[in-house]
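# Overview (structure and organization)
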Amino acid sequence: MSINRNKLKNKKALVNETQSSVANAEPNLEVEFCGKKFKNPIIAASGTFGFGREYNQFYDVSMLGGISTKGLTLEPREGNVGCRIAETASGMLNCVGLQNPGGKRFIEEELPFLDSLDTIILANVAGNTEEDYVALASMLAKTSVDMLELNISCPNVKEGGIAFGVNPCSVESIVKKVKAVSGDKPLVVKLSPNVASIRDNALAAEQGGADAISLINTLTGMAIDYKTRRPILGNITGGLSGPAIKPVALRQVYEAKRAVKIPIIGMGGIMTASDVMEFMIAGASLVQVGSANIYNPMAIKNIILELTILLKECNIVDVADLVSTLRA
Amino acid sequence: MQEYKFTINSKFILKDVFELKLTCDEPLPSMIAGQFVHIKVPGDEVLLRRPFCLYRWDKKSISLLIQVVGKGTQRLAKLKKGDTVYGIMPIGNGFKLKPSHKKIALVGGGIGVAPLLMIPKSCLGREQDTVKLTENMIVPVKQTIKGTEIRSYLGFTTKAKTILSTGFSSVSEKVIITTDDGTYGIKGYPTDALKADIEAGFIPDVILCCGNHNLTKAVQKICIEHNIEGYMSGEERMGCGVGACLVCTCAVKVGGGQAKHLRACVDGPVFNIAEVVL
Ligand SMILES: Cc1cc2nc3c(=O)[nH]c(=O)nc-3n(C[C@H](O)[C@H](O)[C@H](O)COP(=O)(O)OP(=O)(O)OC[C@H]3O[C@@H](n4cnc5c(N)ncnc54)[C@H](O)[C@@H]3O)c2cc1C
Ligand SMILES: Cc1cc2nc3c(=O)[nH]c(=O)nc-3n(C[C@H](O)[C@H](O)[C@H](O)COP(=O)(O)O)c2cc1C
Ligand code: FES
């Protein structure tokens, strides 16, 4: 017992020493992930950041670790009709329904701008059929995007998306097919939280050949106007995001991390640098920030600046040291 | 577009509507009628920003007229002189007039009249009298500029809700107030009064309108029936307000083609009324 205690003490003393000697150094925010160098662990989440142009008016978006594009489909989509947003306690519901210019116009009109940025670009790939996913992924694999993020978890399009993301067998099948055409682009599979077992789906993605997984997409929900007795959203149901979903997201990242060996991008309700740290402690190597951008266009810039300060305060020299360090 | 830090310079309460005059240390960008500011509601409880059109603007201040409806506007109503509030602007395209627009009809419903009040100044340079919100009377017209004629049709549910009639009468040739219950002005809707004027021979070159769905739909019908050019600002719910999230879209048949989902925040909020799918 006493030896153990002494050991512990010595270890603590050592830690304190190294910490004090680096107390003034800037912590390292750089993260290596699937062979790509991220400046910092923070990526703008798909669907909340367009193709980066809008927020570039507020700050230089090249300071981001990465940008995940709006969900793309093979053909252009106009998205859902009617009201697409409802405010909820500590969150929001949306039912945009994958409005996007389609793969071809993305490559012609949006990618050149993204290319001009000094940040990692993840193309978020969605579709209605397996063939669509495969066709779009192989089209994008031939471009300058850095990674593909396979969105099999959009709750807002009836025909597809989520249909592939619920059942572990269909997850594995679609991941396998898309991986086969992804070439040298690392494939991140974005999982839905609206499933029986996140472990099984994470494993299915890994088995299908995913290089990484990202989670969570939005939780399916709805909002009703009691006066008119009508749903507020045009699509009746929508996807819940924002701080309200953070506890669910943390739990699912934690469970997924224990199930798979591939690295994880965590997200769901991140608003602050301490939220980023919590996700990394739960097992995420990188994080995405979504709704926070909608609340405040400067959100990610603030979080990145805040993260440096917070890491210093906690005497952490390398942000990657946080990953999967949940204590008993 | 950027975020500005404002100080509440004055607050004036009128019925369930309040006016906030916001000043800023930084020079403010010039803004026109129909453009809006996306306000961060103070505190942690309300997360989504709230869009409000300007109803007055100068280089050092903006004024908003806000109707209390729910959580966010209730919180804003608690702001006091000297408090700080943040807002993103300028957002949106705003109302514009062409040189051919000589006879102009402004049609507003409820709080939708507020952004219309800026049109005579921002489009035609007509200066408003320093109007007090409390004054609720029609004053005689003092000016007619560049051969233009503005008629304002303002609709409210009831007498207690009528606002800005004095403001409009200092910048329009004619102001018609309607109330749904007939307690003030003409009983009915502002579009009824507009129709009556059209039938009596006043054919506007353009109709500019702002209000709820029923009002904009009624104005659309008039524009199409009489082949009058029209522009509207609706009440789309907003997310980011900067064009990135696509939750605010409006179905618009641009150039009469297939309906496209345009962003009300940055592609609008003012759209050609004949092209909007309502
Ligand atoms: C371009 C534009 C300009 C506007 N200008 C003005 C103005 O000058 N003065 C004014 O009083 N009001 C204006 N409004 C309406 C105003 O934004 C809403 O009344 C306000 O957001 C309601 O917030 P709340 O929290 O009190 O209501 P809640 O009902 O609690 O709000 C819940 C959600 O619904 C949204 N919402 C509710 N009502 C409306 C509405 N009518 N239009 C759009 N979103 C709504 C809110 O923004 C919020 O996201 C404008 C709306 C738009 C789109
Ligand atoms: C308006 C909106 C649109 C979204 N669109 C997409 C999308 O196209 N593809 C996708 O994979 N996720 C989409 N998402 C989900 C986010 O990327 C993210 O997974 C989710 O919002 C949880 O993170 P948050 O709480 O930080 O927002 C969208 C979210 C919002 C709020
Ligand atoms: S509110 Fe986000 S795009 Fe218009």
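The paragraphs below set out a description of the structure included in this document.

The rules behind each value
- Residues numbered from 1 in each chain as written.
- Chains lettered and ligands numbered in written order.
- Predicted model: local features only at pLDDT ≥ 70, side-chain atom pairs only at ≥ 80, totals over all residues.
- Heavy atoms only, no water.
- Contact = heavy atoms within 4.5 Å.
- Buried area = accessible area lost by both parts, 1.4 Å probe.
- Salt bridge = Lys/Arg side-chain N within 4 Å of Asp/Glu carboxyl O.
- Polar contact = N/O pair within 3.5 Å; in protein donor to acceptor, adjacent residues only side chain to side chain.
- Helix = DSSP H or I, 4+ residues; strand = E, 2+ residues; numbered from the N terminus.
- Nonpolar A, V, L, I, M, F, W, Y, C, P; charged D, E, K, R; others polar.
- Near = heavy atom within 4 Å.
- Areas by Shrake-Rupley, 256 points an atom, 1.4 Å probe, with all protein chains shown as cover.
- Buried < 20%, exposed > 50% of the residue type's maximum accessible area, 1.4 Å probe, protein only.
- Disulfide = S-S within 2.5 Å.
- Pairing = 2+ DSSP bridges.
- Expected span 1.5 Å × (residues − 1).
- Patch = residues over 30% accessible without salt bridge, like charges linked within 9 Å, V, L, I, M, F, W, Y side chains within 5 Å.
- Axes fitted to C-alpha atoms, helices over the stretch in contact; angles between N-to-C directions.
- Parallel < 35°, antiparallel > 145°, perpendicular 65-115°, else oblique.
- Left-handed = near helix turned anticlockwise from the far one by under 90°.
- Phe/Tyr/Trp six-rings, centres within 6.5 Å; stacked < 30°, edge-to-face > 60°.
- Lys NZ or Arg CZ within 6 Å of the ring centre and 35° of its normal.

### Some remarks on the interface of chain B and chain A
Opposite the 25 residues of chain B that make contact, chain A presents 30 residues. A buried area of about 2200 Å², summed over both sides, lies between chain B and chain A, and 60% of it is on carbon and sulfur atoms. Looking at the side of chain B facing chain A, the largest losses of area belong to Leu47(B), Leu48(B) and His261(B), adding up to 28% of the total buried there. Across the contact surface, chain B and chain A share two salt bridges. Close ionic contact of Arg263(B) with Glu54(A) constitutes a salt bridge, the shortest N to O distance being 3.3 Å. If you look at where chain B meets chain A, you find 10 residue pairs in polar contact (both at pLDDT 80 or more). Those elements that place two or more of their residues in the side of chain B that touches chain A are strand E1 (2–14) and strand E15 (260–263) of chain B. Of the residues belonging to the side of chain B that touches chain A, the class tally is 13 nonpolar, five polar and seven charged.

### Focus: the site of ligand 2
All names here are of chain A. Taken together, 25 residues surround ligand 2, and among them Ser46, Lys190, Gly242, Gly269 and Ser291 come closest. Here an oxygen atom of ligand 2 sits 3.0 Å away from a polar atom, N or O, in the side chain of Asn124. The protein chains hide 98% of the 610 Å² of surface that ligand 2 would expose on its own. Residue classes in the shell around ligand 2 are distributed as eight nonpolar, 15 polar and two charged.

### Examining unusual backbone geometry
In this structure, Pro90(B) follows Met89(B) across a cis peptide bond, with omega equal to -5 degrees. Note on placement: Pro90(B) falls in strand E7 (residues 84–91). Backbone torsion omega between Gly268(B) and Pro269(B) reads 5 degrees, so that peptide bond is classified as cis. By the secondary structure assignment, Pro269(B) is in the loop between E15 and strand E16 (270–272). We note that Ser90(A) has phi near 55 degrees; this positive angle belongs to a residue other than glycine. By the element assignment, Ser90(A) lies in the loop between strand E5 (85–88) and strand E6 (91–94). Residue classification places Ser90(A) among the partly exposed positions, given a relative accessible area of 40%. Residues other than glycine seldom take positive phi values, yet Ser324(A) does so here, at roughly 55 degrees. Its location among the elements puts Ser324(A) in the segment after helix H11 (299–313).

### Quick word on the state of the cysteines
All names here are of chain B. If you walk through the whole model with that rule in mind, you get zero disulfides over all chains. Not engaged in a disulfide, the cysteine Cys210 finds its nearest cysteine sulfur in Cys53; these two sulfurs lie 5.7 Å apart. Cysteine Cys223 is unpaired, with the sulfur of Cys209 as its nearest cysteine sulfur at 7.4 Å. Judged by its relative accessible area of 3%, Cys223 is buried.

### Some points on the pairing of strand E14 (residues 237–241) of chain A
Residues and elements named next belong to chain A. With three bridges connecting them, E6 and E14 associate as antiparallel partners. The residue of E14 that forms the bridge with Met92 is Ser241. Pairing between strand E11 (residues 219–222) and E14: four bridges, direction antiparallel. Residue Gly221 lies in a different strand from E14, and its bridge partner there is Gly238.

### What about H11(A)?
In an α-helix, one turn spans 3.6 residues, which is why side chains three or four residues apart end up on the same side. Residues and elements named next belong to chain A. A rise of 1.5 Å per residue sets the reference length of H11, with its 15 residues, at 21 Å; its end C-alpha atoms lie 21 Å apart and thus fit the reference within 8%. Structurally, H11 contributes buried residues whose contacts are with strand E3 (42–44), helix H9 (273–282), strand E16 (286–289) and helix H10 (291–295). Positive phi appears at Asn315, one or two residues downstream of H11, with a value of about 55 degrees.

### Brief notes about the site of ligand 1
Residue and element names in this part refer to chain B. By nearness alone, 19 residues border ligand 1, and Arg50, Pro51, Gln67, Gly72 and Thr73 come closest of all. Between ligand 1 and Cys53, the relevant distance is 3.0 Å, taken from a nitrogen atom to a main-chain nitrogen or oxygen of the residue. Gln67 places a main-chain nitrogen or oxygen 2.7 Å from an oxygen atom of ligand 1. Protein contact buries 85% of the 820 Å² of open area that ligand 1 shows by itself. Of all elements in the fold, only strand E4 (50–53), strand E6 (61–67) and helix H1 (71–77) reach the threshold of two or more residues within the shell around ligand 1. With four residues, E4 is the largest single contributor of residues to the shell around ligand 1.

### Re the side chain of Ser233(B)
For Ser233(B), the position within the fold is in strand E13 (residues 229–233). Once residues lying within four places of it in the same chain are set aside, the contact partners of Ser233(B) are Phe95(B), Cys209(B), Cys210(B), Gly211(B), Thr216(B), Pro269(B) and Val270(B).

### Quick notes on a nonpolar patch on the surface
A cluster of nonpolar side chains, contributed by Met222(A), Ile224(A) and Ile236(A), occupies part of the molecular surface with about 300 Å² of accessible area. Secondary-structure assignment places Ile236(A) in the loop between strand E13 (230–231) and E14.

### As for the sheet that holds E14(A)
Residues and elements named next belong to chain A. One open sheet accounts for four strands, arranged E5-E6-E14-E11; its pairing is antiparallel. Every interior strand has two partners, whereas the edge strands, E5 and E11, have only one. Strand-to-strand, the axes of this sheet are offset by a mean angle of 40 degrees, without reference to chain direction. Inspection of the sheet shows E5 paired to E6 by four bridges, in the antiparallel sense. Across the sheet, the residue bridging to Thr88 is Gly91, located in E6.

### Observations regarding the packing of helix H5 (residues 190–199) of chain B against helix H6 (residues 213–226) of chain B
Residue and element names in this part refer to chain B. In contact at an axis separation of 10 Å, H5 and H6 are set at 15 degrees when each is read in the N-to-C sense. When the interaxial angle is binned, H5 and H6 end up roughly parallel. Seen along the crossing, H5 lies across H6 with a hand that is right-handed. Contacts between H5 and H6 involve Pro190, Thr191, Leu194, Lys195 and Ile198 from the first element and Leu215, Ala218, Val219, Ile222 and His226 from the second.

### Concerning the packing of aromatic side chains
Under the defined criterion, the tally for this structure stands at four aromatic pairs over all chains. Ring centres 6.0 Å apart and planes at 85 degrees place the aromatic pair Phe33(A) and Phe38(A) in the edge-to-face group. By relative accessible area, which is 1% here, Phe33(A) ends up buried. The exposure class assigned to Phe38(A) is buried, which follows from its relative accessible area of 0%. Ring plane angle 45 degrees and centroid distance 5.5 Å describe the contact between Phe51(A) and Phe106(A), whose orientation is recorded as tilted. With Phe51(A) in the loop between E3 and helix H2 (53–56) and Phe106(A) in helix H3 (residues 102–115), this pair connects stretches of sequence that are 55 residues apart. Both residues of the pair, Phe51(A) and Phe106(A), belong to the buried class. Above the ring of Phe18(B), the side-chain terminus of Lys11(B) is found at 5.9 Å from the ring centroid.

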